[in-house]
Protein chains: 2
Amino acid sequence: MTSIAMNYMYQALKLAKHAVHHDEVPVGAILVANEHIIAQTHNQCVVDQNSLHHAEMLAIHQGITHLQTPYLNECTLYVTLEPCPMCAAALAQARIGKLIFGAYDPKSGGIEHGPKIFDHSHHQPEIIGGVLEQECADLLIKFFKEKR
Amino acid sequence: MTSIAMNYMYQALKLAKHAVHHDEVPVGAILVANEHIIAQTHNQCVVDQNSLHHAEMLAIHQGITHLQTPYLNECTLYVTLEPCPMCAAALAQARIGKLIFGAYDPKSGGIEHGPKIFDHSHHQPEIIGGVLEQECADLLIKFFKEKR
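### Some details on the overall build of chain A
A count of helices and strands for chain A gives five helices and five strands. For chain A, the succession of helices and strands along the chain, N to C, is α-β-β-α-α-β-α-β-β-α. Taken against the 2.2 N^0.38 rule, which gives 15 Å for 148 residues, the C-alpha radius of gyration of chain A at 14 Å falls within 12% of a compact globule. Taken along its principal axes, the extent of the C-alpha atoms in chain A is 40 × 35 × 30 Å. As presented, chain A carries roughly 7000 Å² of accessible surface, and 49% of it is formed by carbon and sulfur atoms. Side-chain charges of chain A comprise 10 positive and 15 negative groups, with the mean position of each set lying 5 Å from the other.

### Considering the environment of C45 of chain A
Residue and element names in this part refer to chain A. Mapped onto the secondary structure, C45 falls in helix 2 (residues 45–48). Here the alpha-carbon distance between C45 and I117, two residues 72 residues apart in the chain, equals 22 Å. Ignoring anything within four residues of it in the chain, the contact list for C45 reads E24, N50, S51, H53 and H54.

### A few points about the packing of aromatic side chains
Under the counting rule described, the total for this entry stands at six aromatic pairs over all chains. On the numbers, 5.2 Å between centres and 80 degrees between planes, the contact of F101 of chain B with Y104 of chain B is edge-to-face. Residue Y104 of chain B is classed as partly exposed on the basis of its relative accessible area of 32%. Ring plane angle 80 degrees and centroid distance 5.2 Å describe the contact between F143 of chain B and F144 of chain B, whose orientation is recorded as edge-to-face. Given the relative accessible area of 6%, F143 of chain B is considered buried. For F144 of chain B, a relative accessible area of 39% translates into the label partly exposed. Its end group placed over the ring of Y71 of chain A, R95 of chain A keeps NZ or CZ at 3.7 Å from the ring centre.

Calculation rules
- By convention here, each chain's residues receive numbers from 1 onward along its written sequence.
- The naming scheme follows written order: chains are lettered A onward, ligands numbered 1 onward.
- Since the coordinates come from a predicted model, pLDDT governs what is reported: local features require at least 70, and pairs of side-chain atoms require 80 or more to be given and counted, while whole-chain, interface and lining totals use all residues.
- Computation of side-chain values covers all heavy atoms of the structure but excludes hydrogens and water.
- Here a strand is any run of E in DSSP of at least two residues, a helix any run of H or I of at least four, and the numbering for each starts at the N terminus.
- A radius of gyration in this sense is built from C-alpha atoms; the matching globule rule multiplies 2.2 Å by the number of residues raised to 0.38.
- In short, Shrake-Rupley with a 1.4 Å probe defines the accessible areas, and a residue's cover is counted only from the protein chains shown.
- Positive: Lys, Arg. Negative: Asp, Glu. His and the chain ends are not part of the count.
- Every charge is mapped onto a representative atom, which is NZ of Lys, CZ of Arg, CG of Asp or CD of Glu.
- Should any heavy atoms of two residues lie within 4.5 Å, those residues are considered in contact.
- What counts as a ring pair is set by centres within 6.5 Å for rings of Phe, Tyr and Trp (its six-membered ring), and what kind of pair is set by the plane angle: stacked under 30 degrees, edge-to-face over 60, tilted for all other angles.
- Exposure is judged per residue with a 1.4 Å probe applied to protein chains only, and the accessible area is read against the type maximum: over 50% gives exposed, under 20% gives buried, and values in between give partly exposed.
- Working rule: Lys NZ or Arg CZ, within 6 Å of ring centre, within 35 degrees of ring normal, means a charge sits over the ring.

Structure below.
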């Protein structure tokens, strides 16, 4: 993992921390095209009262709007948690070029766990999991501990 | 299948036929809450230049906006084609009450085929497939034949 990539994940983590202030599950995402950040999002389900407004979905929509193209082959998504099946399948649908995620999600993940979306997908991006894994996981563990 | 339910699927089929005029893959959807139609959508990926704008995704968003709630437990979605993994997982995320679809999609479906989303989901709606199957499939077959 290059230091530039690590830096993007730190920025995604910062966005995740921001989500906590709004009582959102702390997941953040950064979408990068040609070394430019084109979307910075965090989970916004509570604020928007919309169960589909995960960080990844918002990032995909912002990326599509920004690039004015339905496909994101040239983009890399950095996200602090393993995407759920919906987000994973949306990333396949949008033909994401590269996916880098932080913590693994054995309960609700859709990449390495559950339906393993890319095992069934026509589109195969490069995928790297476990980047800043501990930091990303700790934030989530702390959030859910305080919720209880 | 009651005649009311068949009627909703006919309406979804009419929306699918409308999509063809815009060169969209002909898939239509109707979202019903308490016997009222709260969303009428069709595939809009080409017009919107957005790879996520499937009929089901648009219907979920319209339903959430209309009801001002993140969850659609009281709703039934009628859609002319077996939802893809993204739409199936989004329906799980939005906790759809009931899902009724027309044609089966062995190539890209996510309910009975591919990742079989609801086999891995915490949410289990009532699902009925194959309603007006032939009419829904014929429309798609005709569309793709003319495209070639």
